[in-house]
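Given next are the chains, with one letter for each unit.
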Amino acid sequence: TQGFYYNISTTTTPNWAFLVPNSCTGYDNLVIQSTSTSTVTITADRLCVDSLSLTNLTATVSITATGAGGLDAGSEAGSTWYYIFVISNDAGTSVNGLLSLSSTAPTMPAGYTKKRRVGAVRNDGSNNFIQFVQEGNKVIYTEDVSSLNVLASGQSIVWVSVSCATLVPSTSKIAKILLHANYTSGINAMNLGVRPLGSNVTMGVEILSLSTVVAGSATRGNKTIDCPTNATQNIEYKLSYAPTTEGAYIYITGYYDRF
């Protein structure tokens, strides 16, 4: 690689180390989106990949391909998270995308030495990518919300664990949640709370509070929040009273990634 080197040897035999003039970090206008049930497209005005600053980046990666521009190893599997990388050769003259089961150590194709994980994509049980748009580190699902359900008709009045791992990858710890309550109760008020699993917050990080005009009548309501998850992408929910019909619903509408 062209640039400046300095000797780090403590003997008479030189050991030349590359001097990175300015540590390259960050990105500008990074956008990732699913363009079909098997492909994602990555664009950025600028993206740092190891010590390289790549500009005007465009890459398409397909899970049906193998190697650069595809899956790093193995074959496609359903109900599986795949992590999205931008890869490059040393000079930055050959740039592509890559999918991997590993969030940290993909199998690098021949000729590619530099990598940076920029996102994740979930393959559903029918081997179709769950559709999404990502700007920076914020991911929004573009699927019908009915397919993003992790809890239906919950009626617990004690804290109960709910897994979000099918819609929140291991690299995220904050889920975007749509809380929905649809219930009939003899009580004229109801609270729905959520919190990270194992938290000691009394009623959750956010509460959906509903009041009925007449006790025993049907009530419904919605609220969108950002909720932290625990290390395994779990949250907890709790109702203040047990409904007589239906109850709490939780949908994952997106998440915030970390890379």
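Computed from a prediction, not measured in an experiment: that's the story for all the values here. (Residues numbered from 1 in each chain as written. Predicted model: local features only at pLDDT ≥ 70, side-chain atom pairs only at ≥ 80, totals over all residues. Heavy atoms only, no water.)

1. With respect to the overall build of the protein
Turning to step 1, where the next piece is worked out: Check the secondary structure of the protein and you find 0 helices and 19 strands.
Turning to step 2, where the next piece is worked out: For the protein, whose C-alpha radius of gyration is 23 Å, the value lies well above the compact-globule estimate of 18 Å for 259 residues.
Turning to step 3, where the next piece is worked out: When the backbone C-alpha atoms are referred to their principal axes, the protein occupies close to 85 × 40 × 30 Å.
Turning to step 4, where the next piece is worked out: Expressed as a percentage of the 259 residues in the protein, the buried residues total 46%.
Turning to step 5, where the next piece is worked out: Sequence-distant contacts in the protein: of pairs separated by 6 or more residues, those separated by 24 or more amount to 66%.
Turning to step 6, where the next piece is worked out: For the protein, the exposed surface amounts to about 12,100 Å²; the carbon and sulfur share of it is 51%.
Turning to step 7, where the next piece is worked out: Side-chain charges in the protein split into 14 positive and 15 negative, and the spacing between the mean points of these groups amounts to 8 Å. (Helix = DSSP H or I, 4+ residues; strand = E, 2+ residues; numbered from the N terminus. Rg over C-alpha atoms; globule rule 2.2 N^0.38 Å. Buried < 20%, exposed > 50% of the residue type's maximum accessible area, 1.4 Å probe, protein only. Contact = heavy atoms within 4.5 Å. Areas by Shrake-Rupley, 256 points an atom, 1.4 Å probe, with all protein chains shown as cover. Lys, Arg positive; Asp, Glu negative; His and termini not counted. Charge placed at Lys NZ, Arg CZ, Asp CG, Glu CD.)

2. Some details on the side chain of glutamine 233
Turning to step 1, where the next piece is worked out: The topology assignment puts glutamine 233 in the loop between β17 (218-228) and β18 (234-239).
Turning to step 2, where the next piece is worked out: For glutamine 233, a relative accessible area of 6% corresponds to the buried category.

3. A word on unusual backbone geometry
Residues apart from glycine generally show negative phi values, whereas peptide bonds are mostly found in trans.
Turning to step 1, where the next piece is worked out: Located in the positive-phi region is asparagine 29, a residue other than glycine, with phi close to 55°.
Turning to step 2, where the next piece is worked out: The residue asparagine 29 is located in the loop between β3 (27-28) and β4 (31-34) in this model.
Turning to step 3, where the next piece is worked out: In this model, asparagine 127 sits at a positive phi of 60°, which is unusual for a non-glycine residue.
Turning to step 4, where the next piece is worked out: One can find asparagine 127 in the loop between β9 (114-123) and β10 (132-135).

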